[in-house]
Amino acid sequence: MDVTWYVCVSALRTEDNRWRRPVSSPDREVRAADREIRAARNDTPRTARRPVVAVTGAASGAGALLTQRLAESDEIKHVLAIDERRGEVTEAQWHVLDVRDPAIAEKLRGADVVVHLAVDLDLGTDPAARTAYNVRGTQTVLTAAAAAGVRRVVLCTSAMVYGALPDNDVPLAEDAELRATAEATGVGDLLEIERLAQRAPRAHPGLNVTVVRPAILVGGTDTALTRYFESPRLLVVAGSRPTWQFCHVEDLVEALEYAALEKVEGELAVGCDGWLEQEEIEELSGIRRMELPSAVALGAASRLHRLGLTPSPAGDLAYTMHPWAVSGSRLHEAGWRPRWTNEEVLAELLEEVSGRHTVAGRRLGRKDAATTLGAAGATVALVGTAAIVRRARRARRRA
């Protein structure tokens, strides 16, 4: 008999106002048995017609991994790979062009599903140029897909669109209200992509749109949240209770494959089972904290960003302060399970960032004089902030 399991998480609080939650990582033997069950299930021949799947952003990152995975799948008839440069997956049919080019409609003819991963969230990209690329690219892909007769488009945003707020349910359901603001890096673009996804079925009847929202993505990624672990101290805002939930890029790719094969649809959250609290993060990472009052931390982050000393706006801090873990129940119900635990992904992240040194979101580079100077300025600003806090504490004690 086919037996599966998943973690059922309660959003209730205990009397001491701490979130009640299950153990973050299920037993390894249970997870191994579950993988065997999924492998057996995936070996079952599908009677449905094998789809032709197009992947944008196919030359790098998650796009390259998904293109390779789909090209090797017996459930996929053919893969169309679209990017501004040719990638390394020789089994795919490559089209080299910008996703904003209306000519993409002709390249999508014959595709049943499009997985759109050509989204730029690089910290170093000019924000206006990034928004122009992300929003116009998504608009063009949705319109071109409808014109080409594609039946489904899969978009990938982030669980960040739910917003990080102190009153969030833990975990958040997929259909929870999107309460994020545009104050964090790239989140404004992601919210606009979400709005385009909602409008597309009305504008293009017959077009199904699925949105996948990963937790903190790890595996060759560089974001404000991964750089948090490159700092000599973990900045903790006094009184905050964050929840840390990760998503390994391999798990994201498998979730995208589920969506491409139409095993699941709608709004999908994806991440490791459960979450870690700040104390667990510090214990597992071995990195000590630097605690600051909320007003001081947010004020310093805002000033540093305004002066160009850090790429991260103050809005990024909210995601290290408040809960935004997700349940992933829809994928679980479809048979998907994460292969990675939060602890394993954190260990992978720490290995990836080993040897990197970041202060206030700005990475120090030995050979880059300008970067080093900027980072030094950020360091001075943080030291000054810490000094202000110490003086304020001494003044309160004397009073």
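Everything that follows concerns the structure shown earlier in this document.
All values reported here derive from a predicted model rather than from experimental measurement.

Draft legend 1. Summary view of the overall build of the protein chain. Across its full length, the protein chain holds 12 helices and 15 strands. By the burial criterion, 50% of the 399 residues in the protein chain qualify as buried. Contacts in the protein chain between residues far apart in sequence, at least 24 positions, make up 78% of those at least 6 positions apart. Of the roughly 18,500 Å² of accessible surface on the protein chain, 51% is carried by carbon and sulfur atoms.

Draft legend 2. Local environment of the packing of aromatic side chains. Summed over all chains, the structure comprises six aromatic pairs. For the pair Phe-229 and Phe-246, a centre-to-centre distance of 6.2 Å together with 55° between the ring planes defines the contact as tilted. With a gap of 17 residues between them, Phe-229 in the loop between α6 (224-227) and β8 (234-237) and Phe-246 in strand β10 (residues 246-248) connect regions that are remote in the sequence. Seen from their ring centres, Tyr-319 and Trp-324 are 5.1 Å apart, and the 85° between their planes marks the pair as edge-to-face. When sorted by exposure, Tyr-319 lands in the same class as Trp-324, which is buried. Three or more aromatic residues joined by ring pairs form one cluster here, namely Tyr-228, Phe-229, Trp-244 and Phe-246. Between the NZ or CZ atom of Lys-263 and the centre of the ring of Tyr-258, over which it lies, the distance is 4.7 Å.

Draft legend 3. A look at the sheet that holds strand β6 (residues 208-214). The sheet built from seven strands is open, its strands ordered β3-β2-β1-β4-β5-β6-β11 with parallel pairing. Each end of this open sheet is capped by a strand with a single partner; those strands are β3 (93-96) and β11 (267-270). Averaged over all adjacent pairs, the angle separating strand axes in this sheet is 20°, with direction ignored. Where strand β2 (residues 78-83) lies against β3, four bridges are found, and the strand directions are parallel. Across the sheet, the residue bridging to Ile-82 is His-95, located in β3. In the packing of helix α2 (residues 61-71) onto the sheet, contacts are made with β1 (52-56), β2 and β4 (113-116), and the angle to β1 comes to roughly 165°.

Draft legend 4. Quick look at the environment of Glu-291. Tracing the backbone shows Glu-291 in strand β13 (residues 289-292). Considered as a pair, Glu-291 and Leu-235 are 56 residues apart in the sequence and their alpha carbons are 6.0 Å apart. Side chain to side chain, Glu-291 and Arg-289 meet in a polar contact 2.8 Å long.

Draft legend 5. A look at helix α11 (residues 342-353). In this model, α11 (12 residues) spans 16 Å end to end at C-alpha, consistent with the 16 Å of a helix rising 1.5 Å per residue. Listed as buried for α11 are Asn-342, Glu-344, Val-345, Leu-346, Leu-349 and Val-353. The first or second residue beyond α11 is Gly-355, which carries a positive phi of 90°.

Draft legend 6. Just unusual backbone geometry, in detail. Note that the residue after Val-170, namely Pro-171, is joined by a cis bond; omega there is 0°. Turning to its location among the elements, Pro-171 is positioned in the loop between β5 (152-156) and α5 (187-203).

Draft legend 7. The arrangement of the pattern of salt bridges in detail. Following the criterion strictly, the structure yields 21 salt bridges and no others. Across the pair Arg-213 and Glu-194 runs a salt bridge whose closest N-O atoms are separated by 2.8 Å. Of this pair, Arg-213 sits in strand β6 while Glu-194 sits in helix α5, placing them 19 residues apart in sequence. According to the relative accessible area criterion, Arg-213 is buried, its value standing at 3%. Within the structure, one salt-bridge network assembled from shared partners comprises Arg-49, Asp-112, Arg-151, Arg-152, Glu-262 and Glu-265.

Draft legend 8. Highlighting the nonpolar core. By size, the foremost hydrophobic cluster in this structure holds 62 residues, and its most contacted members are Leu-108, Phe-229, Phe-246, Tyr-319 and Trp-324. Counting residues per element, this core draws most heavily on α5, at seven residues. With residues up to four places along the chain from it excluded, the contact list for Phe-229 reads Leu-234, Trp-244, Phe-246, Ile-281, Ile-287, Leu-346, Leu-349, Leu-350 and Val-353. If you look at the next biggest cluster of nonpolar residues, it comprises 35 residues, including Val-53, Leu-66, Val-115 and Val-253.

Draft legend 9. Just the packing of α2 against helix α7 (residues 249-260), in detail. As a packed pair, α2 and α7 sit with axes 9 Å apart at the nearest point and diverge in direction by 55°. In this view, α2 runs oblique relative to α7, as classed from their interaxial angle. Between α2 and α7 the crossing geometry is right-handed. Residues Ala-62, Leu-65, Leu-66, Arg-69 and Leu-70 of α2 form the contact with α7, whose participating residues are Val-249, Leu-252, Val-253, Glu-254, Leu-256 and Glu-257. Of the residues assigned to the contact of α2 with α7, the class counts are eight nonpolar, no polar and three charged.

About the criteria used
- Per chain, the residues get numbers from 1 upward, laid out in the order the sequence is written.
- Owing to the predicted nature of the model, reporting of local features is limited to residues with pLDDT of at least 70; listing and counting of side-chain atom pairs is limited to 80 or more, with chain, interface and lining totals taken over all residues.
- Hydrogen atoms and water are omitted, and side-chain values are computed over all heavy atoms in the structure.
- Put simply, DSSP H or I for four residues or longer makes a helix, DSSP E for two residues or longer makes a strand, and each gets a number counted from the N terminus.
- Relative accessibility under 20% of the residue-type maximum defines a buried residue, over 50% an exposed one, and the middle range a partly exposed one, all with a 1.4 Å probe and only protein chains included.
- The contact criterion used is simple: two residues touch if any of their non-hydrogen atoms lie within 4.5 Å.
- Per-residue and other accessible areas were derived by the Shrake-Rupley procedure at a 1.4 Å probe size, with only the shown protein chains allowed to occlude residues.
- Classification of ring pairs uses Phe, Tyr and Trp, with its six-membered ring standing for Trp, and accepts pairs whose centres are within 6.5 Å; under 30 degrees between planes counts as stacked, over 60 as edge-to-face, and the remaining range as tilted.
- Counted as over-ring charges are cases with an Arg CZ or a Lys NZ within 6 Å of the ring centre that also lie within 35 degrees of the ring normal.
- Strands pair, by our definition, only if DSSP identifies at least two bridges between them.
- Note on geometry: axes are C-alpha line fits, over the in-contact stretch for helices, and angles between N-to-C directions span 0 to 180 degrees.
- Pairing of N or O atoms within 3.5 Å defines a polar contact, subject to two protein rules: one partner must be a possible hydrogen donor and the other a possible acceptor, and residues neighboring in sequence count only if both atoms are side-chain atoms.
- Expected span, for any helix, means 1.5 Å times one less than how many residues it has.
- Salt bridges are defined by distance alone: a side-chain nitrogen of Lys or Arg within 4 Å of a carboxyl oxygen of Asp or Glu.
- By nonpolar core is meant a set of buried Ala, Val, Leu, Ile, Met, Phe, Trp, Tyr and Cys residues that side-chain atoms within 4.5 Å join together.
- Roughly parallel covers angles under 35 degrees, roughly antiparallel covers those over 145, roughly perpendicular covers 65 to 115, and oblique covers all other angles.
- When the near helix sits turned anticlockwise from the far one by under a right angle, the crossing is termed left-handed; a clockwise turn instead gives a right-handed crossing.
- Ten residues, namely Ala, Val, Leu, Ile, Met, Phe, Trp, Tyr, Cys and Pro, are considered nonpolar, four, namely Asp, Glu, Lys and Arg, are considered charged, and the remaining ones, Gly among them, are considered polar.

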